[in-house]
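One letter stands for each residue in the lines below.
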Amino acid sequence: MSFPVARSRDEALLYLDLSPCACGSTGTAWEGGLVTVAGDPVSRYAGTCSGCDAVRESLFALPEREVAPTRFPAFGGPEPSRLLDAGEWLWVADTVAGNAPAGPGEAAPALAVAVAAVEEVVKFVPPGRDEVPGEAFWTERGRRVRDAGPGRFRLDRLLVVRDAYRTLAAQKTT
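What you see is a predicted model, and the numbers here were worked out from it, not measured in a lab.

A.B. asks: Talk me through the layout of surface pockets; I want residue IDs and the actual numbers.
C.D. replies: There is about 380 Å³ of room inside the largest pocket. Lining the largest pocket we find 16 residues, and of these Arg7, Ser8, Arg9, Ser43 and Tyr45 sit closest to its centre. Elements that contribute at least two residues to the lining of the largest pocket include exactly helix 1 (9-17), strand 1 (31-37) and strand 2 (40-48). When residues of the lining of the largest pocket are assigned to their parent elements, the largest contribution, three residues, is made by strand 1. When the residues that make up the lining of the largest pocket are grouped by side-chain class, the tally is eight nonpolar, four polar and four charged. Here the second largest pocket is characterised by a volume of approximately 190 Å³. If you go around the second largest pocket, the residues you meet are Asp10, Leu13, Leu14, Asp17, Leu18, Phe72, Pro73, Phe75, Val92 and Val113. Per-element accounting of the lining of the second largest pocket gives the leading share, four residues, to helix 1. Residue composition of the lining of the second largest pocket, by class: eight nonpolar, no polar and two charged.

A.B. asks: Residue-level account of the pairing of strand 3 (residues 55-61), with values.
C.D. replies: Bridge count for strand 2 against strand 3 is seven bridges, and the pairing is antiparallel. Paired with Thr48 across the bridge in strand 3 is Val55. Linking two consecutive strands that pair antiparallel, namely strand 2 and strand 3, is a turn of six residues; a positive phi of about 65 degrees is found at Asp53 within it.

A.B. asks: I'd like to hear about the packing of aromatic side chains, residue by residue, with values.
C.D. replies: Scanning the entire structure with this criterion turns up five aromatic pairs. Measuring from centroid to centroid gives 5.8 Å for Tyr15 and Phe60, while their planes differ by 85 degrees, and the two rings are edge-to-face. You can see Tyr15 sitting in helix 1 and its partner Phe60 sitting in strand 3, a full 45 residues away along the chain. Looking at Tyr15, the relative accessible area reads 26%, which means it is partly exposed. Pairwise contacts between aromatic rings join Tyr15, Tyr45 and Phe60 into one cluster. In this arrangement the basic side chain of Arg141 is found over the ring face of Trp91, its NZ or CZ atom lying 4.3 Å from the centre.

Reading guide: rules and limits
- Residues numbered from 1 in each chain as written.
- Predicted model: local features only at pLDDT ≥ 70, side-chain atom pairs only at ≥ 80, totals over all residues.
- Heavy atoms only, no water.
- 1 Å grid on protein atoms, 1.4 Å probe; cavity = no way out; pocket = protein on both sides within 12 Å on 5 of 7 lines; lining within 4 Å.
- Points joined across faces, edges and corners; volume = space filled by probe spheres on them.
- Helix = DSSP H or I, 4+ residues; strand = E, 2+ residues; numbered from the N terminus.
- Nonpolar A, V, L, I, M, F, W, Y, C, P; charged D, E, K, R; others polar.
- Pairing = 2+ DSSP bridges.
- Phe/Tyr/Trp six-rings, centres within 6.5 Å; stacked < 30°, edge-to-face > 60°.
- Buried < 20%, exposed > 50% of the residue type's maximum accessible area, 1.4 Å probe, protein only.
- Lys NZ or Arg CZ within 6 Å of the ring centre and 35° of its normal.

The following block contains the structure:
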């Protein structure tokens, strides 16, 4: 059996948060652990939907290299995600930064997620290129974000946005 690869717990949980239940709810308290499927270890996340009480389960293949969390959030290693496409990562950054609390100390965690999400978009830029290629957008949401602002996926613009979020996060810690 083939399962999508989740590079880290943070990436798996973000993916699950973006994947609603059949009822449309995204509210599920996920419990994670390792299980064996057909002799292979996989990450299993299970929970009950808060909208309809359906039991939900998702299985993920383990990455080739384990990602040791050195900071929050720890989405993955140096390789691009195979769960979320480049457009979805930028959507996450925009959404989280746009909804960050205004109070000192409260916005920093949200802005850390926004910074990390933009860093995930940058991973899709191939060496020697200056923008995210078309094949890095495989979801409807990701393609909508790209189509709404294709210039936002140029490496120089991505780095400016990342640095702006970093600066805001530093200002909001005090």
